[in-house]
Amino acid sequence: MKRLAPVFILIAGSLWGIMGIFVRKLGNYGFSSIQIASLRIMGGAVIFVAVTALYDKDKLRIRLRDIGWFIGLGVLSILMFTVCYFTTISMASLSVAAILLYTAPVMVMLMSLVLFHEKLDTRKVIALGLAFTGCILVTGMVGGGRISLAAVGFGLMSGFGYGLYSILGTFALRKYSPVTVTTYAFLCGGAGALFVCRPGDMAEKIAAAQDKGRLVLLIFLTAFITAVLPYLFYTIGLSYVKASSASIMASIEPVVATIAGVAVFHEGMTGASFAGVVLVLAAIVLLNLPAGRSRALAGMIGQNFHSNKK
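Notes on the structure in this doc start here. Predicted model, so just to flag it, every value in this text is computed and none were measured.

Structural notes on the overall build of the protein
- Scanning the protein for helices and strands turns up 15 helices and zero strands.
- Across the 310 residues that make up the protein, the buried fraction comes to 50%.
- In the protein, 88% of the contacts between residues at least 6 apart in sequence involve partners at least 24 apart.
- For the protein, the exposed surface amounts to about 14200 Å²; the carbon and sulfur share of it is 68%.

Some thoughts on the environment of Leu4
- Here Leu4 lies in the segment before α1 (5-17).
- The class for Leu4 is partly exposed, based on a relative accessible area of 43%.
- For the pair Leu4 and Tyr240, spaced 236 residues apart in sequence, the C-alpha to C-alpha distance is 9.2 Å.

Observations concerning the side chain of Ser77
- Among the structural elements, Ser77 can be located in helix α4 (residues 67-91).
- A distance of 2.7 Å separates a polar side-chain atom of Ser77 from the backbone oxygen of Gly161.
- Other than its neighbours up to four places away in sequence, Ser77 contacts Gly72, Thr82, Gly161, Tyr162, Leu164 and Tyr165.

Quick notes on the packing of aromatic side chains
- Taken as a whole, this structure holds 15 aromatic pairs when the rule is applied.
- The structure contains a cluster of three or more aromatic residues connected by ring pairs, namely Trp16, Phe48, Phe81, Tyr85, Tyr162, Tyr165, Phe186, Tyr231 and Tyr234.

Concerning the nonpolar core
- Ranked by size, the top nonpolar core spans 83 residues in total, and within it Leu73, Tyr85, Phe86, Tyr162, Val181, Phe186 and Tyr234 carry the most contacts.
- Beyond its immediate sequence surroundings of up to four residues, Val181 is in contact with Phe70, Leu73, Tyr165, Ala172, Leu173, Tyr176 and Thr235.

Some details on the packing of helix α8 (residues 149-172) against helix α11 (residues 212-238)
- In the contact formed by α8 and α11, the axes pass within 10 Å of each other and the chain directions differ by 50°. The angle between α8 and α11 places the two elements in the oblique class. The interaxial crossing formed by α8 with α11 has right-handed handedness. For the pair formed by α8 and α11, the contact residues are Tyr162, Tyr165, Ser166, Gly169 and Thr170 on the first element and Tyr231, Tyr234, Thr235 and Leu238 on the second.
- Partitioning the contact of α8 with α11 into residue classes produces five nonpolar, four polar and no charged.

Remarks on the packing of helix α3 (residues 33-55) against helix α10 (residues 199-208)
- It is the contact of α3 with α10, at a shortest axis distance of 11 Å, that shows an interaxial angle of 85°. Viewed along their axes, α3 and α10 adopt a mutual orientation that is roughly perpendicular. Where α3 abuts α10, its residues Gln35, Leu39 and Met42 lie against Asp201, Met202 and Lys205.
- Counted by class, the contact of α3 with α10 contains three nonpolar, one polar and two charged residues.

Concerning helix α13 (residues 252-265)
- Between the first and last C-alpha of α13 there are 19 Å, a value that for 14 residues agrees with the 20 Å anticipated at 1.5 Å per step.
- Positive backbone phi, approximately 60°, marks His266, located one or two places after α13.

Regarding a nonpolar patch on the surface
- A cluster of nonpolar side chains, contributed by Met1, Leu4, Val7, Ile11 and Tyr240, occupies part of the molecular surface with about 440 Å² of accessible area.
- Looking at the element boundaries, Met1 is found in the segment before α1.
- Under the relative-accessibility criterion, Met1 is labelled exposed at 53%.

Let's talk about α11
- The first and last C-alpha atoms of α11 sit 37 Å apart over 27 residues, in line with the 39 Å expected at 1.5 Å per residue.
- Of all the bends found along α11, the most pronounced is centred on Phe224 and spans about 30°.

Re the environment of Lys124
- Position of Lys124 relative to the elements: it lies in helix α7 (residues 122-139).
- Residue class for Lys124 comes out buried when judged on its relative accessible area of 4%.
- Residues Lys124 and Ser244, 120 residues apart in the sequence, show an inter-C-alpha distance of 8.2 Å.
- Setting aside residues no more than four positions away along its own chain, Lys124 makes contact with Met109, Glu118, Lys119, Lys242, Ser244, Ser245 and Ile248.

As for the environment of Ile248
- Its location among the elements puts Ile248 in helix α12 (residues 243-249).
- Spatially, the C-alpha atoms of Ile248 and Thr103 are 9.9 Å apart, while their sequence positions differ by 145 residues.
- In contact with Ile248, not counting residues within four places along its chain, are Pro105, Met109, Lys124, Ala127, Leu128, Ala131, Ile284 and Leu287.

Observations regarding the pattern of salt bridges
- What the rule picks out here adds up to five salt bridges.
- Asp58 is paired through a salt bridge with Arg61; the nearest N and O atoms lie 3.7 Å apart.
- Across the salt bridge formed by Asp201 and Lys205, the nearest N and O atoms sit 3.1 Å from each other. Of the two residues, Asp201 and Lys205 are both situated in helix α10; the distance of four residues between them amounts to about one turn of the helix.
- Here the salt bridges do not stand alone but share partners, grouping Arg198, Asp201 and Lys205 into one network.

Here is what the cut-offs are and how they apply
Residues numbered from 1 in each chain as written. Predicted model: local features only at pLDDT ≥ 70, side-chain atom pairs only at ≥ 80, totals over all residues. Heavy atoms only, no water. Helix = DSSP H or I, 4+ residues; strand = E, 2+ residues; numbered from the N terminus. Buried < 20%, exposed > 50% of the residue type's maximum accessible area, 1.4 Å probe, protein only. Contact = heavy atoms within 4.5 Å. Areas by Shrake-Rupley, 256 points an atom, 1.4 Å probe, with all protein chains shown as cover. Polar contact = N/O pair within 3.5 Å; in protein donor to acceptor, adjacent residues only side chain to side chain. Phe/Tyr/Trp six-rings, centres within 6.5 Å; stacked < 30°, edge-to-face > 60°. Core = buried A, V, L, I, M, F, W, Y, C linked by side-chain atoms within 4.5 Å. Axes fitted to C-alpha atoms, helices over the stretch in contact; angles between N-to-C directions. Parallel < 35°, antiparallel > 145°, perpendicular 65-115°, else oblique. Left-handed = near helix turned anticlockwise from the far one by under 90°. Nonpolar A, V, L, I, M, F, W, Y, C, P; charged D, E, K, R; others polar. Expected span 1.5 Å × (residues − 1). Patch = residues over 30% accessible without salt bridge, like charges linked within 9 Å, V, L, I, M, F, W, Y side chains within 5 Å. Salt bridge = Lys/Arg side-chain N within 4 Å of Asp/Glu carboxyl O. Bend = angle between axes of the 7 residues up to and from the residue.

And the structure:
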């Protein structure tokens, strides 16, 4: 399982990367960003509870004093991150939304230094630099792209909320299984969503849809593919991989988001975007090389950087 952990994290990042497709399709039905986020989270909560209750009821047992961890995971992380990310998607391209989301690895690495006393080695610093630079290139922002101040604000808030999941999840996983953590995180997030999604208006839009069956299927697939599966995979991976490394590896998401934007919505992809994809993949490879090889490669990159600087 430890060997598969990086694969699980990459799968999670890839599934998150196609989230924009579902967001825009649900947006065509008139749902707001907050309502789409709420449908995703509440749908995920229903699926998690139903499956867990059916196959392993013991996973639903928690201590009441630990509920704070799950409220933090569900409301401060999943709900806030999803609402802010979906809002950014409605204001900018999928790739721009993804790069702003991926300020998260920086936040996670800094918080991990303080909370978990993780060592800031050369490999992590270089991998973080490669991933973040790659994400910037992917957006095309260096080529003169423009983005509104509001989109930047929502994007940065989505990055903070996303990063918070790695931190709070690490604490929760010390006591509970990945299934328990994700189930209660979504339950709390779903409960919080009820206060902000205007349920009555949302129900009216579902009732008014001419193709209700298709809409219900779309809501289910949005919850299952972009919430249940990726969060479960990421939480399992987080059990075996340090929070800072997991957050960097999940940087595969903007790569997938960019490819999805090009393939589905015909968004442009420049040479800089392609270079960004290569840099993100290089960061992931660096983090997953055997310790000896990764240190040697990181050392070579570091030496070249210093010599060029001189």
